[in-house]
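Okay, here's what each chain looks like letter by letter:
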Amino acid sequence: MTGAARLRACVTGWPISHSRSPIIHGYWLNRHRINGSYEKIATPPADFASFARGVGVGDLRGANVTVPHKEAAFALCDRVTEAARAIGAVNTLWREDGLLWGDNTDAEGFARNMEEEAPGWREGARSALVLGAGGAARAILHALLSSGVERVAIANRTPDRARALAEGAGSRVAFQDWRDVETKLGEVDLLVNTTSLGMSGQSELALDISVLAPRAIVADIVYVPLRTALLEQALRRGHRVVGGLGMLLHQAAPGFERWFGVRPVVTPDLRALVEADVIAHTGGAR
Ligand code: ATR
C-alpha cells in the first residue's frame, strides 16, 4: 500500500445490488496492493447525468455502467472509443484532460473469453448465428465482425429489433426468422445466445440443436447458472462450449487498467471466487 490518496472506482446501474463487479475489482486491487476501492452505486435514471458529471472529478477515477444506463452514458460522453461508437453504448467511463471518455469493453470481453475457452475459434468460425438483438447482441456482433467472421445471422423474438440490427450492420449480417432457427443451425459454425433465456428465474431457451455440425461451438452469455441448459445440451452432443462468466471477467480488465494503471489478469483464482458467489446465490445450481 502506498501513502497516496485512496483511488475510487465504481459500478453504477438501477438496480445494482446483483453486480459481481466489486468482487472482480476488489480481487485485483488486493492482488496488486493498490490503495483503492470499487463500490456499487445505485443511480436512478433521472440522476445518471449528474452521476456522469462527477466521474474523473475528485478521487472517483472512473466507473462501469450497466443496465439501464449504457446508452445514456454513450450520449453524455465527450469522446468515445471506436468500439463504443460501433456498439452505440458505453460500459466504462473515465476522464482525460477534462473530457469524459467512454469505452465499451463487452466485445473485447466476449472475444477474449472465446479465445480462452475455445482457442482457435476464429479459424473455424465462418458463419455465426446470434440469438437476441439487445445491447449484448450489439456488442457480440461487433466482436464477431472484428474477429473476421464472414457471415452473421441475427434472430430475435421481436423480429423488428433483429431486422434493424442486421440492416445497420452491413453486408456480412443478415436477419434470421426466429421461427426457423433450428433449421438454420445446420449451416453455422458458432451459435451464441445473448438473450436472457436460460438465466435463473427466466424461461429456458427451448432449442433443439441436433442439426448443428459436430464442429460447431455453442456460446451462452448467461452465467447464472454457470452452465445453462443450452450448454448442457451442447456438451452432451460433444460440442465445444463457452460460458458467460468469462465475458464478465474479461470485460472488467480494460477499465481497471485505465483507472488504476495496471493491466490485471483473469486468473483461475478469480474465476473460482466469482463462481463460488454465483453458486451460493443459485442454491448450488451450476
Ligand atoms: P441486453 O442488454 O442484456 O442484451 P436487452 O436489450 O433487454 O438486454 O435484450 C434482451 C434480449 O433477450 C432481447 O433480444 C430479448 O428479445 P426481445 O427483443 O424480443 O425482447 C431477449 N428475450 C428476453 N426475454 C425473452 C423471451 N422470453 N423469449 C425470447 N427472447 C427473450
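Residues numbered from 1 in each chain as written. Predicted model: local features only at pLDDT ≥ 70, side-chain atom pairs only at ≥ 80, totals over all residues. Heavy atoms only, no water.

Chemist: What should I look at first to understand the overall build of the chain in this one?
Modeler: Looking only at helices and strands, one finds twelve helices and twelve strands in the chain. Here the C-alpha atoms of the chain give a radius of gyration of 19 Å, agreeing with the 19 Å that 2.2 N^0.38 yields for 286 residues. Projected onto its principal axes, the C-alpha coordinates of the chain cover approximately 60 × 40 × 35 Å. The burial tally for the chain puts 52% of its 286 residues in the buried class. The contacts in the chain between residues at least 6 apart in sequence include a share of 65% that link residues at least 24 apart. Looking at the chain as shown, the accessible area adds up to about 13000 Å², and 50% of this sits on carbon and sulfur atoms. Here the chain contributes 32 positive and 31 negative side-chain charges, whose respective centroids are spaced 2 Å apart. (Helix = DSSP H or I, 4+ residues; strand = E, 2+ residues; numbered from the N terminus. Rg over C-alpha atoms; globule rule 2.2 N^0.38 Å. Buried < 20%, exposed > 50% of the residue type's maximum accessible area, 1.4 Å probe, protein only. Contact = heavy atoms within 4.5 Å. Areas by Shrake-Rupley, 256 points an atom, 1.4 Å probe, with all protein chains shown as cover. Lys, Arg positive; Asp, Glu negative; His and termini not counted. Charge placed at Lys NZ, Arg CZ, Asp CG, Glu CD.)

Chemist: Hey, could you run me through the domain arrangement of the chain in this one?
Modeler: Note: interface size is frequently given as the accessible area lost on complex formation between the parts. Per the domain assignment, the segments making up the chain are domain 1 (2-104 + 248-280) and domain 2 (107-243). Spacing between the C-alpha centres of domain 1 and domain 2 amounts to 26 Å. Listed per partner, the contact involves 17 residues of domain 1 and 13 residues of domain 2. Per-residue buried area on domain 1 facing domain 2 is highest for I87, H250 and V278; these three make up 41% of the total on that side. Taken together, domain 1 and domain 2 are joined by four salt bridges. Among the ionic pairs, E117 bridges to R271, the shortest N-O distance being 3.2 Å. The interface formed by domain 1 and domain 2 holds six residue pairs in polar contact (both at pLDDT 80 or more) in total. Put simply, the parts of the chain that give the side of domain 1 that touches domain 2 at least two residues each are helix 4 (82-87), helix 11 (245-260) and helix 12 (268-280). Among the residues forming the side of domain 1 that touches domain 2, the class breakdown is eight nonpolar, four polar and five charged. (Domains from an automatic or database assignment. Buried area = accessible area lost by both parts, 1.4 Å probe. Salt bridge = Lys/Arg side-chain N within 4 Å of Asp/Glu carboxyl O. Polar contact = N/O pair within 3.5 Å; in protein donor to acceptor, adjacent residues only side chain to side chain. Nonpolar A, V, L, I, M, F, W, Y, C, P; charged D, E, K, R; others polar.)

Chemist: Would you explain the packing of helix 5 (residues 106-117) against helix 11 in this entry?
Modeler: Two elements in contact, helix 5 and helix 11, have axes whose closest approach is 7 Å; the angle formed by their N-to-C orientations is 125°. Judged on the interaxial angle alone, helix 11 and helix 5 are oblique. The handedness of the crossing between helix 5 and helix 11 comes out as right-handed. Note on element contacts: helix 11 touches helix 5 through G246, M247, H250, Q251 and P254, opposite D106, E108, G109, F110, R112, N113, E116 and E117. Partitioned by chemical class, the residues of the contact of helix 5 with helix 11 number three nonpolar, five polar and five charged. (Axes fitted to C-alpha atoms, helices over the stretch in contact; angles between N-to-C directions. Parallel < 35°, antiparallel > 145°, perpendicular 65-115°, else oblique. Left-handed = near helix turned anticlockwise from the far one by under 90°.)

Chemist: Would you explain the packing of helix 1 (residues 21-31) against helix 12 in this entry?
Modeler: If you want to describe how two helices pack, look at the angle between their axes and the distance between the axes. Contact pair helix 1 / helix 12: the axes reach a minimum separation of 10 Å and the direction vectors enclose 145°. Of the two elements, helix 1 crosses helix 12, and the hand of that crossing is right-handed. Residues I23, I24, Y27 and W28 of helix 1 lie in contact with helix 12, whose contacting residues are D269, L270, L273, V274 and D277. Within the contact of helix 1 with helix 12, the residues separate by chemical class into seven nonpolar, no polar and two charged.

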